Amino acid sequence: MSFDSADGRIQVRRDLKDRREVQSIATISAGGKTETGPWTIVYDVAWSYADQ
């Protein structure tokens, strides 16, 4: 970025940067429930991944 005002006029220059943004997310979820008499078993398992 530069600024020049030597002649009474204002001039501003700015350089732009080209940036690549990378995003990623991962999720793991588990569950459960166990009762042994006379049987109850409930379990959930999930996994997900995403990136951009």
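A short tour of the structure in this document, coming up.

Let's talk about the overall build of the protein chain
At step 1: Across its full length, the protein chain holds 0 helices and 6 strands.
At step 2: Burial statistics for the protein chain: of 52 residues in total, 0% are counted as buried.
At step 3: Partitioning the contacts of the protein chain with sequence separation of at least 6, the portion at a separation of at least 24 is 22%.
At step 4: About 5,700 Å² of surface is accessible on the protein chain, with carbon and sulfur atoms providing 51% of the total.

Things to note about unusual backbone geometry
At step 1: The amide bond that connects Gly 37 to the next residue, Pro 38, takes the cis arrangement and shows omega of -20°.
At step 2: Secondary-structure assignment places Pro 38 in the loop between strand 4 (34–35) and strand 5 (40–41).
At step 3: We note that Trp 39 has phi near 75°; this positive angle belongs to a residue other than glycine.

Quick notes on the pattern of salt bridges
At step 1: This structure, assessed with the given rule, holds 1 salt bridge.
At step 2: A salt bridge links Glu 35 to Lys 33; the nearest nitrogen and oxygen atoms lie 3.8 Å apart.

Some points on a nonpolar patch on the surface
At step 1: On the surface, Ile 28, Trp 47 and Tyr 49 cluster together into a nonpolar patch covering about 440 Å² of accessible area.
At step 2: On the accessibility criterion, Tyr 49 (48% relative accessible area) is partly exposed.

Cut-offs and rules
Residues numbered from 1 in each chain as written. Predicted model: local features only at pLDDT ≥ 70, side-chain atom pairs only at ≥ 80, totals over all residues. Heavy atoms only, no water. Helix = DSSP H or I, 4+ residues; strand = E, 2+ residues; numbered from the N terminus. Buried < 20%, exposed > 50% of the residue type's maximum accessible area, 1.4 Å probe, protein only. Contact = heavy atoms within 4.5 Å. Areas by Shrake-Rupley, 256 points an atom, 1.4 Å probe, with all protein chains shown as cover. Salt bridge = Lys/Arg side-chain N within 4 Å of Asp/Glu carboxyl O. Patch = residues over 30% accessible without salt bridge, like charges linked within 9 Å, V, L, I, M, F, W, Y side chains within 5 Å.

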